[in-house]
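The primary structure of each chain is shown beneath.
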Amino acid sequence: MIATIYHNPACGTSRNTLELIRHAGIEPTIVEYLKHPPSRSLLIKLIADAGLVPRAALREKGTPYAELGLAAPDLSDDALLDAMIAHPILINRPFVVTPLGTRLCRPSEAVIDILPAFAMPFIKEDGEVVAPRQ
């Protein structure tokens, strides 16, 4: 199976998601999206394919979210996308794409829905055990 992860190696959730993919026997294509941001059209596709709206794909913590006034409820999807393109740190992570779907993997276990079944439990960085899908 092929998989792509839009990854930030400084993020524990992103690292756990990457290791869950590997635990399932897949070596994904890794896109460090802060170094290689997605195009606007790809970002729109990732968000839509994950069943989200742009606001749901925004990251607040550790970003210029507040300074840019992005909490304003009247901001359009286009305005939010413009902000994410201008400041990729605003894109929540990690997005993962496989033939089984696209997910924003927060929490990291969300990736299990789009991976083949694996038998052994996975242990996250913090020691939490993730049981295999039945």
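Within each chain, residues carry numbers counting from 1 in the order of the written sequence. In view of the model being predicted, local features appear only for residues whose pLDDT reaches at least 70, and side-chain atom pairs are presented and counted only at 80 or more, with totals across whole chains, interfaces and linings using the full set of residues. With hydrogens and water set aside, each side-chain value is computed from the structure's full complement of heavy atoms.

**Student:** Any chance you could explain the overall build of the protein here in plain terms?
**Tutor:** By definition, any uninterrupted DSSP run of H or I lasting at least four residues is a helix, any uninterrupted run of E lasting at least two residues is a strand, and each is numbered from the N terminus. For the protein, the helix and strand inventory stands at three helices and six strands. Shown N-terminal to C-terminal, the secondary structure of the protein runs as helices and strands in the order β-α-β-α-α-β-β-β-β. Against the globule reference of 14 Å for 134 residues, the protein gives a C-alpha radius of gyration of 15 Å, in line with a compact fold. For the protein, the spread of C-alpha atoms along the principal axes amounts to about 45 × 30 × 25 Å. The buried label applies to any residue whose accessible area, calculated with a 1.4 Å probe on protein chains only, is under 20% of its type's maximum; exposed applies above 50%, and partly exposed to all values in between. For the protein, the proportion of its 134 residues judged to be buried stands at 43%. If you sum the accessible surface of the protein, you get close to 6,900 Å²; carbon and sulfur atoms cover 57% of it. Taken together, the 13 basic and 15 acidic charged side chains of the protein have centroids lying 3 Å from each other. Our radius of gyration looks at C-alpha atoms and nothing else; its globule reference is 2.2 Å times the residue count to the power 0.38. Per-residue and other accessible areas follow the Shrake-Rupley method at a 1.4 Å probe size, with only the shown protein chains counted as cover for residues. Charged-residue counts in this description rest on Lys and Arg as positive and Asp and Glu as negative, His and the chain ends being excluded. One atom stands in for each charge, and that atom is NZ of Lys, CZ of Arg, CG of Asp or CD of Glu.

**Student:** Can you help me understand the sheet that holds strand E4 (residues 101–104) in this one?
**Tutor:** Strand pairing in a sheet takes place through backbone hydrogen bonds and is either antiparallel or parallel in direction. The four strands lie next to each other as E2-E1-E3-E4, forming an open sheet whose pairing is mixed. Of all strands in the sheet, those with a lone pairing partner are strand E2 (29–32) and E4, marking the two edges. Averaged over all pairs of adjacent strands, the angle between their axes in this sheet comes to 15°, without regard to strand direction. The pairing of strand E3 (residues 95–98) with E4 spans four bridges and is antiparallel. Each residue of the ladder has a partner; that of Thr98, found in E4, is Gly101. The contact rule is simple, with two residues in contact once any of their heavy atoms fall within 4.5 Å. Lines fitted to the C-alpha atoms define the axes, with helices restricted to the stretch that makes contact. Angles between their N-to-C directions range from 0 to 180 degrees. With respect to the sheet, helix H1 (residues 12–23) is in contact with strand E1 (4–7), E2 and E3, its orientation differing from that of E1 by roughly 165°. One requirement defines pairing of two strands: DSSP has to find at least two bridges between them.

**Student:** It is not clear to me how the pairing of E4 should be interpreted in this structure. Could you clarify?
**Tutor:** Here is the key point about a regular strand: its side chains alternate between the two faces of the sheet. The two faces of E4 differ: Thr102 and Leu104 on one face are buried, but Gly101 and Arg103 on the other face are not. Between the antiparallel neighbours E3 and E4 lie two residues.

**Student:** Just checking my understanding: could you explain the environment of Ile21 for this structure?
**Tutor:** Checked against the element boundaries, Ile21 lands in helix H1. On a C-alpha basis, the gap between Ile21 and Ser41 in space is 25 Å, while along the polypeptide they are 20 residues apart. With sequence-adjacent residues up to four places away left out, Ile21 is seen in contact with Ala3, Ile5, Ile26, Pro28, Val96, Val111 and Leu115.

**Student:** Please explain the pattern of salt bridges as it appears in this structure.
**Tutor:** Pairing between side chains of opposite charge can happen when the charged atoms of each approach one another. One speaks of a salt bridge when a side-chain nitrogen belonging to Lys or Arg is within 4 Å of a carboxyl oxygen belonging to Asp or Glu. All chains considered together, the criterion is met by nine salt bridges. Salt-bridge contacts for Arg22 lead to Glu19; the nearest nitrogen and oxygen are separated by 3.0 Å. Of this pair, Arg22 and Glu19 both sit in helix H1, three residues apart, which is roughly one turn of the helix. One salt bridge in this structure joins Arg22 and Glu27, with 2.9 Å as the shortest N-O distance.

**Student:** Which parts of the structure should I look at to understand the pairing of E3?
**Tutor:** Here E1 pairs with E3 via three bridges, running antiparallel. Paired with Tyr6 across the bridge in E3 is Phe95.

**Student:** Can you walk me through unusual backbone geometry in this structure?
**Tutor:** Peptide bonds are mostly trans, and most non-glycine residues show a negative phi. Look at the link from Arg93 to Pro94: it is a cis peptide, with omega at -5°. With respect to the secondary-structure elements, Pro94 resides in the loop between helix H3 (77–86) and E3.

**Student:** Which parts of the structure should I look at to understand the packing of helix H2 (residues 40–49) against H3?
**Tutor:** Closest axis-to-axis distance for the H2/H3 pair is 10 Å, and the angle between their directions is 115°. The handedness of the crossing between H2 and H3 is right-handed. Touching Arg40, Leu43, Ile44 and Ile47 of H2 are Asp78, Leu81, Asp82, Met84 and Ile85, all from H3. Polar here means any residue other than Ala, Val, Leu, Ile, Met, Phe, Trp, Tyr, Cys and Pro, which are nonpolar, and Asp, Glu, Lys and Arg, which are charged; Gly is therefore polar. Residues that form the contact of H2 with H3 fall into these classes: six nonpolar, no polar and three charged. Should the near helix be turned anticlockwise from the far one by less than a right angle, the crossing is termed left-handed; should it be turned clockwise, right-handed.

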